[in-house]
Amino acid sequence: MSKTITADVTDGEVVEAEDTPAAEALSVVDVPLIDDLVARARQRGLDLTGPEGLLTALTKRVLESALEGELTDH
């Protein structure tokens, strides 16, 4: 039996997903923080996507953090 996790993704938009690791990850997303990061990037004229974009930088930081955690665990 799987439960449904509901998480607010954007203003007024709600997503329902099955009880999976991806849904669990979505449930811890800090939407106001993400909105603030996107707003700051736009104010500074930064791209959101692409090689120099916000998404690339965030992805890099998340992967580095995960790798640091892996090394710490070993």
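None of the values given here were measured: they were computed from a predicted structure.

A residue-level look at the protein finds 76% of positions with pLDDT of 70 or above and a mean pLDDT of 80. By mean pLDDT, strand 1 (residues 4-10) is the weakest element of the protein at 52, and helix 2 (residues 31-43) is the strongest at 93.

Under the criterion given, the structure shown has four salt bridges. The salt bridge involving Glu-64 is made with Arg-61; its shortest N-O contact spans 3.8 Å. Residue Glu-64 and its partner Arg-61 are both found in helix 3 (residues 54-73); the two are separated by three residues, about one turn of the helix. Across the salt bridge formed by Arg-61 and Glu-68, the nearest N and O atoms sit 3.9 Å from each other. Taken together, the salt bridges that share partners define one network made up of Lys-60, Arg-61, Glu-64 and Glu-68.

Turning next to helix 2. Every α-helical turn comprises 3.6 residues, leaving residues that sit three or four positions apart pointing alike. Look at helix 2: 18 Å from first C-alpha to last across 13 residues, which is about the 18 Å you get at 1.5 Å a residue. One or two positions beyond helix 2, positive phi appears at Gly-45, with a value near 75°.

Conventions and cut-offs
Residues numbered from 1 in each chain as written. Predicted model: local features only at pLDDT ≥ 70, side-chain atom pairs only at ≥ 80, totals over all residues. Heavy atoms only, no water. pLDDT = per-residue confidence, 0-100. Helix = DSSP H or I, 4+ residues; strand = E, 2+ residues; numbered from the N terminus. Salt bridge = Lys/Arg side-chain N within 4 Å of Asp/Glu carboxyl O. Expected span 1.5 Å × (residues − 1).

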